[in-house]
Every structure is written in structure tokens, then in C-alpha cells.
Amino acid sequence: VPEKFATLGLTYDDVLLLPGSSDMAPDQIDTSSYISKNVRVNIPLLSAAMDKVTESRMAIAMARQGGVGVLHRNLSIADQANQVDLVKRSESGMVTDPITVHPDATLAEADELCAKFRISGVPVTDRAGKLLGIVTNRDMAFESDRGRQVREVMTPMPLVTGKVGISGVDAMELLRRHKIEKLPLVDDAGVLKGLITVKDFVKAEKYPNAAKDANGRLLVGAAVGVAGDAFERSQALIEAGVDFIVVDTAHGHSRLVGDMVAKIKSNASTVDVIGGNIATRDGAQALIDSGVDGIKVGVGPGSICTTRVVAGIGVPQVTAIYEASLAAKAAGVPVIGDGGLQYSGDIAKALVAGADTVMLGSLLAGCEESPGELLFINGKQFKSYRGMGSLGAMQSRGEQRSFSKDRYFQEGVASDEKLVPEGIEGQVPYRGPLSAVVHQLVGGLRQSMFYVGGRTVPELQSNGRFVRITSAGLKESHPHDIQMTVEAPNYSRK
Ligand code: RVP
């Protein structure tokens, strides 16, 4: 039983990593890690499940870089499931369940499909799934009558097709030999079973580090809550092909969260279920006992979070991660350090404290791929960012219902005026494309691994040691006694 004033809580700015003996070349460094028992990423970064951070566009960009996005849940079940679908279809070795169109559909309808899924052509199938032809931009481009039926303009069978199970090399060879962009895969009965496209091969070369599932599709996670139709939401997301579900609340050490984890787990053996957030060893243990595959740690560290001042609750993040990892490591459950990271150096600190990956909000909210428009203020560029417990995120607007109230266990609050926010709304500097931001973050992490002497994330975790610093030490850490005249891509004074 902890004493009343048991622990001294430390956070990122309270510690530094000790340089250790290092005998590796930088190109030997391996940044891969696990976000949950069965989901592996190539860089240990997740984008936060927040409505100003992760929708399908950010999730696609994160997975291409080797990390993963967690789709926020402040939208309808159908919309969130649709976003999972967009990510899973975005790039893959093979699309196992391709979008198809019926021969009786109009060109206008085919256009709509292509625009929605950003594809340039669609296989045409009958109701039984038999491949009848393919309709591509080239077939449609010169047709002024958009009311015409697909069957009239499609390129009909026989088409060049491949057999299910064809190798990537053989598929590429067929595409090349016949100068075609799409190779439908069919079974012996001629039923469409998959689709391979040139675009996917090109992307695979462009994003060699992408985080993918067993079928070569990009990884994606999605958040659910505990109230109302949260369970139905989880089932719709699983149906859409999500790789892991995060039962995402501000207080994961509560029975509702444990129950929801157990319920989802018992209904779906194929996806991992992550629970959170907690900030103590006991909280981690409670989630482990409910059967989680991953634990998300962080109560109050978020840049937009006011839980620590509104409720007086929280644990400084380095201590929270360390405490949670004591329970998690023993159970073989990976830990996500969620919130509070300001600089790339904080990633390695989180990992050494015991996290396996980290989740980022403010560091990614300013990216090109985050939801929301660019804002111009006094000649500078910003993007808006807000807590999911802010009034703006919890309020319903017109027809638009808010689904994020239950993250703060306030779903029963009678009217929006009665909500007690635990977050704020604001803006962060625009940072350009995610790839550039991730390059700096992972570049910083690789330097940390080199300095500590850890070739892999597990080695970094076991070799890393902290020194505690004072406010004088922190002052010394930052640039000092100089007026900065040039912005560095990975440093700005807060
Ligand atoms: P940060 O990266 O410091 O911006 O923190 C992001 C994290 O903050 C999220 O992943 C989430 O756990 C937490 N959060 C989100 N909304 C709020 C809030 O309104 N209090 N907190």
C-alpha cells in the first residue's frame, strides 16, 4: 500500500539519458517495436486519437512512415468505419476485397466510386461476383453522357487476369508485359477475388518502411469509448478491417473500461485490444487482468489537457510510464506512453522509462495531413488543435452529435452548458508534411540510441539510465545566452 506521499513524480524535463558505451554504426539501428502483443511497427510512433490529429489521411501517412494512426471517435460509427476502410484500401500488395461496380450502374455512379476511394478504375462484376470486365478512367474520359451504363463502355472479358495466390514478381511481370495498370485476380469459376495495381508497387518502393498487416495493407487502429453504442462501434471497426481497438478514456482504471476490454476481447480473437489511460502500477495491473494486449499510459501530460488542474489528478509522465511498465513487463504487455512529448529527445526518455511506443498529439497536429484548414495569423501559418475533453470537442453542434464526452465519463450530462471540460482549444504552428516531421523525430531517436548504446528498442530500454536534473540543468539543456536567429527544423523555444 503506497504511503500518502509515496512517490516523487518525474517527467521528461526532469531527466536526461546518460551517454553509454556504444559500438554500433548508425545504420545498424533498428527502431521497430510493438504497440500491442501482436501489432508491430517499424518506428515507435502513434498519432493520437483526436479529431484534430488522426483521420484517414493522417493514418495513411503514419503507416507509410512505419508508425500507425489511431482514428478518433468523435464521429458516427459509419464514418469511423469508413475511415478504416479508406486506410486499408489505400496501398497494398493486393486488395483482397476490391471495390466493384455492377454493369447496370451509370458512369456517374462509377465516377463517384473512383473519387471516393481515389482509384482510377473499377472491376465490373455481376451479383455473384463473377468478373465481367473493367471500367477505367480511359473508358470513361470521352463519354459526355454520364447516364450511360457501365456495361456499354467497359472493357469486357477476356481481360488479362491472375490466379489467386500469384506472386508479386509474376504479377508485376504480367502488368509490364501487357502494359496494363490493374490485374484482377480470379478463381477457377471466374469469380473476382482480388486486385493488384501498378500504383501499389510504386508506393511500396516509395515507402519501404511502411507498417503493414499480413496481407500487405497499411496498419490502422481506432478508438472506442465505454458508453452507449461503444461495443457496436468496435464491431463495425473490426468488420471494416481495423488492426487494433483502443478503449480510450481519461480513466482506464475503472470497471467500465475493464468490462469493455473483456467484452471486445471475448467477441474478437483476431484484433488486439488496448486499454487506457492509466498512470499507476495498479491501474496497469487492472487492465492486464481484464485481458488487454496493450496499455496506454498518461493521465494529464497532454499539451491541451487540464485534468491535473481541474481535478488535481495525474502522475508526471516518466514516473507514470515507469510504474505502469513494472506491471506490464511482467505480463508481456507492451506500453504506449501517451502525451506530453515536446521534443524528439522525449521519445527515447519514454522508451527508457519503460514504454514500447509513444503517442503524439501536439507534435503532429500541425502537419499537412492532420484534419483542418491552414490558418494564417499575422503572416504565420497555424493549424487548430484541441483536447478531446475541451468544450469544443464535447459539445454537439447542430445535427452533429459529440461522441467524445464519455472519454471524460460525462455522456449523461443533460446539456452542453453543464459539461466540465478537461482540455483546451488552440492552435499550433504549421509544420508541413508528416514525412519531414517524422524524419526529425526518428532521426533524434536514432541519435539517442547511438548515444545510449542500444541497437534495438529492447536494448535501449535495458541499457538506458537517467540522471535527474534541476531547473538549472534544464536551462543548460536548452540553447542559452544567445538570440536564436535561424529556426532549426527540430527545435523551437516554447
Ligand atoms: P500531446 O501530445 O501532449 O498533445 O498529448 C496528446 C494526448 O493528450 C492524447 O493522446 C490524449 O491521451 C490526451 N488528451 C486528448 N484530449 C485531452 C484533453 O482534452 N484533456 N487529452
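Residues numbered from 1 in each chain as written. Predicted model: local features only at pLDDT ≥ 70, side-chain atom pairs only at ≥ 80, totals over all residues.

Draft legend 1. Structural detail: the overall build of the protein chain. Secondary structure assignment for the protein chain yields 18 helices and 21 strands. Whereas a compact globule of 494 residues would reach a radius of gyration of roughly 23 Å, the protein chain reaches 24 Å, a difference of no more than 12%. Overall, the protein chain is about 75 × 60 × 50 Å in size when its C-alpha atoms are taken along their principal axes. Pairs at least 24 residues apart make up 66% of the contacts formed inside the protein chain by residues separated by at least 6 positions. (Helix = DSSP H or I, 4+ residues; strand = E, 2+ residues; numbered from the N terminus. Rg over C-alpha atoms; globule rule 2.2 N^0.38 Å. Contact = placed C-beta atoms within 7 Å.)

Draft legend 2. Focus on the sheet that holds strand E6 (residues 121-125). Judged by pairing direction, the sheet is antiparallel, and its three strands sit side by side in the order E6-E7-E8 without closing on themselves. The open sheet has two edge strands, E6 and strand E8 (155-156), and neither has a second partner. Where E6 meets strand E7 (residues 131-136), five bridges bridge the pair, whose relative direction is antiparallel. In the strand pairing of E7, threonine 125 is matched with leucine 131. (Pairing = 2+ DSSP bridges.)

Draft legend 3. Just the UniProt feature "domain: CBS" (unreviewed entry) in the protein chain, in detail. The residues that UniProt annotates with the feature "domain: CBS" (unreviewed entry) are residues 94-150 and 154-211. Helix makes up 33% of residues 154-211 and strand 26%, whereas the separation of the span's terminal C-alpha atoms amounts to 35 Å. (UniProt positions renumbered as here; feature names shortened; annotations may be inferred.)

Draft legend 4. Up close: the packing of helix H13 (residues 345-353) against helix H16 (residues 434-452). Contact geometry for H13 and H16: axes closest at 7 Å, N-to-C directions at 55°. Relative to H16, the element H13 lies oblique. Where H13 crosses over H16, the handedness of that crossing is right-handed. Here Gly345, Ile347 and Ala348 of H13 come into contact with H16, specifically with Leu441, Gly444, Leu445, Ser448 and Met449. Class assignment of the residues belonging to the contact of H13 with H16 gives a composition of five nonpolar, three polar and no charged. (Axes fitted to C-alpha atoms, helices over the stretch in contact; angles between N-to-C directions. Parallel < 35°, antiparallel > 145°, perpendicular 65-115°, else oblique. Left-handed = near helix turned anticlockwise from the far one by under 90°. Nonpolar A, V, L, I, M, F, W, Y, C, P; charged D, E, K, R; others polar.)

Draft legend 5. Structural view of the site of the ligand. Close contacts around the ligand come from 23 residues, with Gly302, Gly361, Gly387, Gly389 and Gly423 the closest. Here the residues of the shell around the ligand are counted per class, giving eight nonpolar, 13 polar and two charged. (Near = placed C-beta within 6 Å.)

Draft legend 6. Spotlight on the packing of helix H10 (residues 281-289) against helix H12 (residues 317-331). Running from N to C, H10 and H12 cross one another at 30°; their axes reach a closest spacing of 6 Å. Classified by the interaxial angle, the pair formed by H10 and H12 is roughly parallel. The two elements H10 and H12 meet at a crossing, and its hand is right-handed. Counting all contacts with H10, which are made through Arg281, Gly283, Ala284, Gln285 and Ile288, the residues of H12 involved are Glu323, Ala324, Leu326, Ala327, Ala328 and Ala331. In the contact of H10 with H12, the residues fall into seven nonpolar, two polar and two charged.

Draft legend 7. Representation of the pairing of strand E2 (residues 33-36) in the model. Here three bridges tie E2 to strand E3 (residues 39-41), and the two strands are oriented antiparallel to one another. When the bridges of E3 are listed, serine 36 appears paired with valine 39. Linking E2 back to E3 in an antiparallel pair, the connection comprises two residues.

Draft legend 8. Geometry of the UniProt feature "binding site: NAD(+)" (unreviewed entry) in the protein chain. On the UniProt side, "binding site: NAD(+)" (unreviewed entry) is annotated at positions that read Asp248, Thr249, Ala250, Gly298, Val299 and Gly300 here. What stands out for the annotated residues spanning 53 residues is how close their C-alpha atoms remain, the widest pair being 14.0 Å apart. Residue position: alanine 250 is located in the loop between strand E13 (244-248) and helix H9 (255-267). In this structure, alanine 250 is in contact with Asn277, Thr307, Gly389, Arg407, Tyr408 and Glu422, ignoring residues within four places of it in sequence. Here valine 299 shows up in the loop between strand E15 (294-297) and helix H11 (307-310). Since 26 C-beta atoms lie within 10 Å of it, valine 299 is described here as buried. Apart from the residues lying within four places of it in its own chain, the contact partners of valine 299 are Asn277, Ala279, Thr307, Ile313, Gly314, Val315 and Ala320. (Buried ≥ 20, exposed ≤ 12 C-beta atoms within 10 Å, placed from the backbone.)

Draft legend 9. Quick look at unusual backbone geometry. In this structure, proline 158 follows methionine 157 across a cis peptide bond, with omega equal to 0°. Mapping proline 158 onto the fold places it in the loop between E8 and strand E9 (162-163). Between glycine 276 and the following residue, asparagine 277, the backbone shows a cis peptide bond with an omega angle of -10°. Residue position: asparagine 277 is located in strand E14 (residues 272-278). Not every positive phi belongs to a glycine, and phenylalanine 409 is a case in point at roughly 55°. Mapped onto the fold, phenylalanine 409 is located in the loop between helix H15 (391-394) and strand E20 (425-429).

Draft legend 10. Representation of the sheet that holds E20 within the structure. Pairing within the open sheet is antiparallel, and its three strands lie in the order E18-E19-E20. The two strands at the open ends of the sheet, each matched to only one other strand, are strand E18 (374-377) and E20. Each adjacent strand pair in this sheet contributes to an overall mean axis angle of 50°, direction not counted. As paired strands, E18 and strand E19 (residues 380-386) are joined by four bridges and run antiparallel to one another. For isoleucine 377, the partnering residue across the bridge sits in E19 and is lysine 380.

Draft legend 11. Local environment of H13. Burial runs high along H13: nine of the nine residues are buried. Three or more residues of H13 are buried, namely Gly345, Asp346, Ile347, Ala348, Lys349, Ala350, Leu351, Val352 and Ala353. At the exit of H13 stands glycine 354, carrying a positive phi of roughly 135°.

Draft legend 12. Highlighting the nonpolar core. Formed by 108 residues in total, the largest nonpolar core has its most connected members in Ala63, Val220, Ile245 and Ile295. Residue contributions to this core peak at eight residues, all from H16. Once you skip the residues sitting within four places of it in the chain, isoleucine 245 turns out to touch Ala222, Val224, Ser234, Leu237, Ile264, Val271 and Val273. Grouped together as the second largest cluster of nonpolar side chains are 21 residues, Ile134, Leu185, Leu195 and Ile196 included. (Core = buried A, V, L, I, M, F, W, Y, C linked by C-beta atoms within 7 Å.)

Draft legend 13. Quick look at the environment of glutamate 459. As for its position among the elements, glutamate 459 is in helix H17 (residues 457-463). For glutamate 459, a count of 16 C-beta atoms within 10 Å translates into the label partly exposed. For the pair glutamate 459 and valine 352, spaced 107 residues apart in the sequence, the C-alpha separation amounts to 9.3 Å.

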